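Residues per chain, in single letters:
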Amino acid sequence: MKVAVLSFAHVHAAGYLRLLSRMPGVEVIGSDPDTGSAAPGEVRGRAFAEELGVAYAQTYEEAFAWGPDAVIVCSENARHRPLVELAAAHGVDVLCEKPLATEVADGEAMLAACRAAGVRLAVAFPVRFSPAYAAVKAAVASGDAGRVLTVSGANNGAMPTRARRWFADPELAGGGALMDHTVHIADLLDDLFGDARPVDVYAQTNNRMYEGEVDAETSGLVTVTYDNGSVATIDCSWSHPRSHHSWGGLELTVIGERATLEMDAFDQSVHGYSERNRQGLELPFGADLDERMLRAFLHGPGEGGMEVADGEGGLRTLKIVAAGYASARSGVPVAVG
Amino acid sequence: MTLTMRIGLIGAGGIARAHLPGWLELGARVSVYTVDGSAEKLAAEYAGREVAAVSSLDELLADCTAVDICTPTPTHKELALAAVAAGRHVICEKPLALNASDAEEIAAAAEAAGVRLHPAHVVRYFPAYEAMQQAVERGDLGDLAVLRFTRGGARPQWAPWFGDPAKSGGVIMDLMVHDIDIARWIAGDVVRVHAQTRGVEHTTGGTEAEVVSATAVLTHASGVISHITGLWGLPDQQFRTTFRIAGGDGLLRHDSTSVPGYRITAQGVRAANEGIPSSPMTESPYLTELREFAASWEDGGGEPRVSARDGIEAVRIAEAAVESSRTGRAIGVRTGIQEVTR
C-alpha cells in the first residue's frame, strides 16, 4: 500500500511519516513544496524528509504520479481544501489533518468534491482511538452511566508556534487555540452522543499569555449544548508551559445520572527525574493513538471497531468552532449553523 | 483580648459543628441557639466545655461578642439583621443570601451599626488555595489567563433544604459559590457569566439517586476567563476539589484527593462520605478563618482576607449564573461596584 504525506506544515507530519515508514506493507513518500509559511529555522521540504529517512517528491503532482493508494494532508489549516480537492481529482482516499478547514464553506466544498469523486474523506482525530475513550463510550452506550448530564473537557497544550509559526497566524490557522484544540473533544462528543447534535455554543477567549508575541487567541473556554440535553465545556487553551518536557494532554470528565467517568488520554507514563538532563523524566507507555488511527484509516477498524472520523463529522466539529468564534466576538451563545 | 470572647452560635448542623471546635480552641465561650432543639443536643456533646444551649434568640444576642450564623441560607438575612441591631459582629455562612440585594442590605446595616460582617468563604483558608493565591499575588504565574475549578461530592443528604433550590439556591449558589469567590479573589471582578445546570436540581426524595451538575464560565474585567463546575453526585462520589491556574509565566494545579497526606485505604466497610472536608495534616481552615475574623474585632487586628464586599459579589455572580442557567443567555454583571441606591 502506497501512502503520501502532503505538506509538512503540521506538527503531526513527522509522527505520521515515522509511523508509516515502519508499518509492514506500507510504502511512504512525503512532499512539501509549499514552505512559504515556515519561519527561519523550521526544517521543511526535502531536508525534513531526509531527516526522517523518507522518500521525497518535489511536487504534489509528482507525489500523485507515484500512484498513492491514500494521502494524508498536513498543510496549514486554511490550505487543506486545495490538497483534498487534488486528492479527489486523482481519485485517492484522503485523511485530512484536523480541523477539517478554517471556514465551513471550504469544508462543505471538500466534502462535495470527495463525494463527487467517490473517494473517502477522513479527518485525523486520534483521541477517539484511546482505550480510555473506548471505556467511556462503552459505559455510556451500555446505559451504565445513565443519561449524560455534563461534560468537562480540557485539551491543553503548549503553544505550538516554536515548532511551526503558522499555528498562531489567523490567516493560515483560522485562529489560535480555539481552532486548534476545540475539535478533538468536540469529535469525541460527536461520536459519544451518536445522533445528538450541537445546538449552541458560548465561547470566551483571550490572549493574556502571549500578548505581544502572537495575534491569535491562546486561551479559550467553549460551552456546547446538545439536543440530547447534555452540555459540555471545553478548555482549549494553549496553557501548558512551553518549557515543560511534555506537550500537554487531554482530559474528560463525564457526569452521568448513574456514574461519573474520568479519562485522561495521555496520562499513562512512568514519571521520574533526570539528573543528567536536569528535568522531569516521562516514559509514556500508553497506546499510540496516531498509529491506531492510521491503521484504521488504511486497513479499516480494528478490534475495537472504531472508525476514523469522516468528513461529515469533521464538518460538524468545524461548525462548533465557527459558532465559538462568533460567540467569542459577540459575547452571547450562538446557534450552530 | 482581656475579656473572654463570647460567641452566639446559631445552628447546630454541619457548619456549626465545624466552627464550634474552632471557637473553643480560640478560648471562646459559646452559646448555641436553634429553633428545633438541636442546640441542646450539640451542647450535651460538649458537656464540660464552655458550650451552653440558650432557648431564645434574644437570650443569645443579649450576651455575646459576635454571632456566628450557621443556618440554612434563607434565614441568614433576618438573623444577621437582628444581630446587627443588637450591635454584634456577624459571621455568616456562605452564601450571605440568595440574592445580591439581600446581601447588600445585610452589609449596609452592619456598616451603619459599626459592626463587622464576615461571610464565611472558608475555601480562602484552605492551605492549598491560600498557597496558590499567594503565588498569584507574588506574580509567580505572570498575568493570569485561564482558570479551572471543580468541586463535587455526594449530594448533601444530611439536610433536606439543600435539595430545594428555593432555599439553597441550588448547586451554583450553594456549592460553586466557593470557587466563584476564589476566581474573583485571584482574577478580580467579573463582567459576564454563562452557566448551564443539568440533572435533578430539586430533589424529590425518592429512592433513586438524583445527580445535579452545573458548568459556569466567568469573564473577568481583566479578560481572564474561569471555568467552574459543581457536582452534587451519587452517594459514593468522593468529595474532591481541583484547580488549574494558568498564566503567562506558569501553571499551578491541585487535586484535593491526590495529596491528602494521610488516607485510610481499607477499613472493611465502605465509609460514608464526609459532609465537611477535614484533614489531620494542617490546622482546620475553619479555625484559621475564625481566628482571623476575631482578630479583626480588636484594634490593629488586621483585615480578614475576605470582606463583606467579597461575600456580596460572590452572591451577585452566582445569581447571574443561576439566571443564565435558567434562560440560556450570557448575563452581564458588574461586581465591585457599590450600589448607590436601594
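Everything below is about the structure printed above this text.
My aim in this report is to walk through the structure given alongside it, one point at a time.

What counts and how
Residues numbered from 1 in each chain as written. Chains lettered and ligands numbered in written order. Predicted model: local features only at pLDDT ≥ 70, side-chain atom pairs only at ≥ 80, totals over all residues. Heavy atoms only, no water. Contact = heavy atoms within 4.5 Å. Buried area = accessible area lost by both parts, 1.4 Å probe. Salt bridge = Lys/Arg side-chain N within 4 Å of Asp/Glu carboxyl O. Polar contact = N/O pair within 3.5 Å; in protein donor to acceptor, adjacent residues only side chain to side chain. Helix = DSSP H or I, 4+ residues; strand = E, 2+ residues; numbered from the N terminus. Core = buried A, V, L, I, M, F, W, Y, C linked by side-chain atoms within 4.5 Å. Buried < 20%, exposed > 50% of the residue type's maximum accessible area, 1.4 Å probe, protein only. Pairing = 2+ DSSP bridges. Right-handed = clockwise from strand over helix to strand, strands pointing away. Patch = residues over 30% accessible without salt bridge, like charges linked within 9 Å, V, L, I, M, F, W, Y side chains within 5 Å. Areas by Shrake-Rupley, 256 points an atom, 1.4 Å probe, with all protein chains shown as cover. Axes fitted to C-alpha atoms, helices over the stretch in contact; angles between N-to-C directions.

## What to know about the interface of chain A and chain B
Between chain A and chain B, the residue contacts involve 36 residues of the former and 36 residues of the latter. The junction of chain A with chain B conceals about 2,800 Å² of combined surface from both sides, 57% of it contributed by carbon and sulfur atoms. Among the residues chain A hides against chain B, the three largest losses belong to A:Tyr202, A:Arg208 and A:Leu221. Together they make up 22% of the total. Counting every contact that joins chain A to chain B gives three salt bridges. Its salt-bridge partner being B:Arg240, residue A:Glu262 comes within 2.5 Å of it at the nearest N-O pair. Between the two partners, chain A and chain B, sit 15 residue pairs in polar contact (both at pLDDT 80 or more). Counting only elements with at least two residues in the side of chain A that touches chain B, the list comes to strand S7 (148–157), strand S8 (198–206), strand S9 (219–226), strand S10 (231–235), strand S11 (248–256) and strand S12 (260–264) of chain A.

## Some thoughts on the nonpolar core
Core analysis: the biggest nonpolar cluster contains 100 residues, and A:Val5, A:Leu20, A:Ile72, A:Leu95, A:Leu121 and A:Leu294 have the highest contact counts within it. The element best represented in this core is helix H8 (residues 177–192) of chain A, accounting for eight residues. Setting aside residues up to four positions removed in sequence, A:Leu95 forms contacts with A:Val71, A:Ile72, A:Val73, A:Ala122, A:Val123, A:Ala124, A:Met293, A:Leu294, A:Phe297 and A:Val308. One finds B:Val67, B:Leu175, B:Trp185 and B:Val190 within the second-largest nonpolar core, a separate group that totals 67 residues.

## Observations regarding the pairing of strand S5 (residues 93–97) of chain A
All names here are of chain A. Burial within S5 is extensive, with four of its five residues counted as buried. Pairing of strand S4 (residues 70–73) with S5, which is carried by four bridges, proceeds in the parallel orientation. Across the sheet, residue valine 73 finds its bridge partner in S5, namely cysteine 96. In the classification by handedness, the crossover that spans S4, the intervening helix H4 (residues 80–89) and the parallel S5 is right-handed. Sheet topology places S5 next to strand S6 (residues 121–124); four bridges connect them, and they run parallel. Its bridge partner being in S6, glutamate 97 is matched across the sheet by alanine 124. As a crossover connection, the stretch from S5 through helix H5 (residues 104–117) into S6 is right-handed.

## A word on the side chain of B:Thr71
Residues and elements named next belong to chain B. Take threonine 71: it is sitting in the loop between strand S4 (66–69) and helix H4 (76–85). Within polar-contact distance, the side chain of threonine 71 engages the side chain of threonine 75 at 2.6 Å. In this view, threonine 71 contacts Ile10, Gly11, His76 and Leu79; residues no more than four positions away in its chain are not counted.

## Observations concerning a nonpolar patch on the surface
A contiguous nonpolar surface patch, about 360 Å² in accessible area, is contributed by A:Val270, A:Leu281, A:Leu283 and A:Phe285. Look at A:Leu283 and you get partly exposed, because its relative accessible area is 46%.

## As for the environment of A:Trp247
Residue and element names in this part refer to chain A. As for its placement among the helices and strands, tryptophan 247 is situated in the loop between S10 and S11. It is 5.5 Å that separates the C-alpha atoms of tryptophan 247 and glycine 157, two residues lying 90 residues apart in sequence. In this view, tryptophan 247 contacts Asn155, Asn156, Gly157, Ala158, His240 and Phe266; residues no more than four positions away in its chain are not counted.

## With respect to the side chain of A:His240
The topology assignment puts A:His240 in the loop between S10 and S11. Apart from residues lying up to four places away in sequence, A:His240 is in contact with A:Asn156, A:Gly157, A:Ala158, A:Met159, A:Ser246, A:Trp247, A:Gly248 and B:Arg244.

## Focus: the pattern of salt bridges
Residues and elements named next belong to chain B. Counted according to the given criterion, the structure contains 40 salt bridges over all chains. The shortest N-O distance in the salt bridge between glutamate 283 and arginine 291 comes to 2.9 Å. Residue glutamate 283 is classed as partly exposed on the basis of its relative accessible area, which comes to 35%. Counted as one network, the salt bridges with shared partners bring together Arg124, Asp181, Arg184, Asp189 and Asp310.

## Things to note about the sheet that holds S10(A)
Residues and elements named next belong to chain A. An order of S12-S11-S7-S10-S9-S8-S16 is seen for the seven strands of this open sheet, with the pairing classed as mixed. What marks the edges here is a single partner per strand, and that holds for S12 and strand S16 (334–335). As paired elements, S7 and S11 share nine bridges and run antiparallel to each other. Each bridged residue has a counterpart across the sheet, and for serine 152 the counterpart in S11 is threonine 253. The strands touched by helix H10 (residues 311–330) within the sheet are S8, S9 and S16, with S8 carrying the most contacts at an inclination of about 55 degrees.

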